[in-house]
Amino acid sequence: MATMRDVARLAGVSVATVSFVVNDSKPVSPATRLRVESAMVELDFRRNAVARALASRRTRMIALLFPVLQHRLSDTAARFFTGAAEAASELGYTVVLWPEPSDPGALRELTSDGLIDGVILMEVRLDDHRVDRLLAARTPLTLIGRTRDPSGLDYVDVDFEGMVEQSIDRLQELGHREFVLVEEVEREGLDGYGPVVRVQETFHAVCDERGLRGRTLRCAPDPAGGRALAATLVAEAPEVTAILVLNDRAALGLVSELGKLGVSIPDELSVVLIGSTREVSEAADPALAVTLLPATELGRMGVETLVGRLDGTLGELRHELVKGPFLEGESLAPPPVR
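These remarks concern the structure in this document. Values in this document were obtained by computation on a predicted structure and should not be read as measured data. (Residues numbered from 1 in each chain as written. Predicted model: local features only at pLDDT ≥ 70, side-chain atom pairs only at ≥ 80, totals over all residues. Heavy atoms only, no water.)

**Re the pairing of strand β1 (residues 61–66)**
The buried fraction of β1 amounts to 5 of the 6 residues, a majority that puts the element mostly inside the structure. Note: β1 against strand β2 (residues 94–99), 6 bridges, orientation parallel. When the bridges of β2 are listed, I62 appears paired with V95. Across 4 bridges, β1 lies against strand β3 (residues 118–121) in parallel orientation. What sits directly across from A63, in β3, is V119. (Buried < 20%, exposed > 50% of the residue type's maximum accessible area, 1.4 Å probe, protein only. Helix = DSSP H or I, 4+ residues; strand = E, 2+ residues; numbered from the N terminus. Pairing = 2+ DSSP bridges.)

**Quick notes on helix α9 (residues 194–210)**
If you check α9, its first and last C-alpha atoms are 24 Å apart, about what 17 residues at 1.5 Å a residue would give, namely 24 Å. For α9, the full list of buried residues reads G194, P195, R198, V199, T202, F203, V206 and C207. Each buried residue of α9 sits inside an arc of 165° when the element is viewed along its axis, so together they form one side. Of the exposed residues in α9, the ones pointing more than 90 degrees away from its buried face are E201 and D208. Contact partners of the buried residues in α9: β5 (155–158), α8 (160–173), β6 (178–184), β7 (213–219), β8 (242–245) and β9 (270–276). (Expected span 1.5 Å × (residues − 1). Arc of directions from axis to C-beta. Contact = heavy atoms within 4.5 Å.)

**Examining the sheet that holds β6**
Strand order in this open sheet of 6 strands is β7-β6-β8-β9-β10-β12, and the pairing throughout is mixed. Since the sheet does not close on itself, it has two edges, and those belong to β7 and β12 (326–327), each with one partner. Examined bridge by bridge, strand β10 (residues 289–292) and β12 share 2 bridges and lie antiparallel to one another. Following the sheet pairing, T291 is matched in β12 by F326. Across the sheet, α8 is in contact with β6, β8, β9, β10 and β12; its angle to β9 comes to roughly 165°. Of the strands in this sheet, β6, β7 and β8 touch helix α10 (residues 223–236), which is tilted by about 145° from β7. (Axes fitted to C-alpha atoms, helices over the stretch in contact; angles between N-to-C directions.)

**Some points on the nonpolar core**
By size, the foremost hydrophobic cluster in this structure holds 45 residues, and its most contacted members are I168 and L244. Considering every element that reaches this core, the biggest residue donor is helix α13 (residues 295–311), with 7 residues. In this structure, I168 is in contact with F179, F203, V206, C207, R210, L212 and L244, ignoring residues within four places of it in sequence. With 26 residues, the next largest nonpolar core counts I243, V245, L258 and V271 among its residues. (Core = buried A, V, L, I, M, F, W, Y, C linked by side-chain atoms within 4.5 Å.)

**Here's the deal with the pattern of salt bridges**
Across all of its chains, the model carries 20 salt bridges by this definition. A salt bridge links E178 to R213; the shortest N-O distance between them is 3.5 Å. With E178 in strand β6 and R213 in strand β7, the pair connects residues that are 35 residues apart, well separated along the chain. The exposure class of E178 is buried, given its relative accessible area of 19%. A relative accessible area of 52% means that R213 is categorised as exposed. Salt-bridge contacts for R218 lead to E183; the nearest nitrogen and oxygen are separated by 3.5 Å. Within this pair, whereas R218 is found in strand β7, its partner E183 is found in strand β6, the two being separated by 35 residues in sequence. Residues joined in a network through salt bridges with shared partners are E86, E90, R300 and E304. (Salt bridge = Lys/Arg side-chain N within 4 Å of Asp/Glu carboxyl O.)

**Overview of the environment of G214**
Position of G214 among the secondary structure elements: in strand β7. For the pair G214 and L181, spaced 33 residues apart in sequence, the C-alpha separation works out to 7.4 Å. Among residues more than four places away in sequence, those in contact with G214 are F179, F203, H204 and C207.

**Observations concerning the packing of aromatic side chains**
Applying the stated rule across the entire model yields 1 aromatic pair. The side chain of R60 reaches across the aromatic face of Y93, ending 4.2 Å from its centre. (Phe/Tyr/Trp six-rings, centres within 6.5 Å; stacked < 30°, edge-to-face > 60°. Lys NZ or Arg CZ within 6 Å of the ring centre and 35° of its normal.)

**Some thoughts on the packing of α8 against α9**
Contact pair α8 / α9: the axes reach a minimum separation of 9 Å and the direction vectors enclose 40°. Here α8 is positioned oblique relative to α9, judged by the angle of their axes. Between α8 and α9 the crossing geometry is right-handed. Residue-level inspection shows F160, E161, V164, E165, I168, D169 and Q172 of α8 in contact with α9, the latter providing P195, R198, V199, T202, F203, V206, C207 and R210. Class assignment of the residues belonging to the contact of α8 with α9 gives a composition of 8 nonpolar, 2 polar and 5 charged. (Parallel < 35°, antiparallel > 145°, perpendicular 65-115°, else oblique. Left-handed = near helix turned anticlockwise from the far one by under 90°. Nonpolar A, V, L, I, M, F, W, Y, C, P; charged D, E, K, R; others polar.)

So, in structure tokens, the structure goes:
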């Protein structure tokens, strides 16, 4: 294997200069860096990650904390991870997916032994004990999500409020005034979960402000739950002409069963998915209108924010909301005349 001495000889620089480039430990002019990196490529020189970490006192590893016991590893979650991993690689970091266990001691172990440089926290609750523990440990962190008071923290988040309002805007343009919001049944791990709380609060606030009628129904987060809800919807809310669904796994079962019960979508009932994917939308018949969740983009933004904080290139706190695009699908129509 090539050594730093070999690289220095080919690049015409000192071994110390090669070390500065390899470990990012001191500034090197762009021209010199280019010569060194070109020599490294020509000689197939491999950076020693352990040596680099020892030299810089940084591992260039980021932990992405995801509470797997409360939230399933869905396709959407995978898109967050992919965006984060791509951005980290471009910035010279490595992302480690940390499927956070229920034992709080495991979080202390992660942050106390110098294994990682910082943490990106996902699936954030309004009052999230993990934030307090990371701050107490002086661990650099960025949120993909928001706590109740995130004023002193860096965060990027989905603009659920904007997506709900955008969906109601579109349905109201078509003439709808009777709405239902479909959520997951209450379960451990969703109490105080930011997206659920914000969607519900925004839905009812917008309906109240505009003189619209809105109610919430819940079902299990799977197609069977959606099928069971269909009968409840027909029996208990026959006046409803528009549904917003924050439970996309249940949406397919709901739409299928409504068809079996003789309810035509969109002629009798319009449906919008909130914060889902094109794939889920197109799996339904008809394809559902959807506000897309900007998962890959937020994964990238989370890493860029944390790295900017670690490298000292990020100035003011970053507070940014991202609203995914609205796709019309085939599930929207004016309400039926009754």
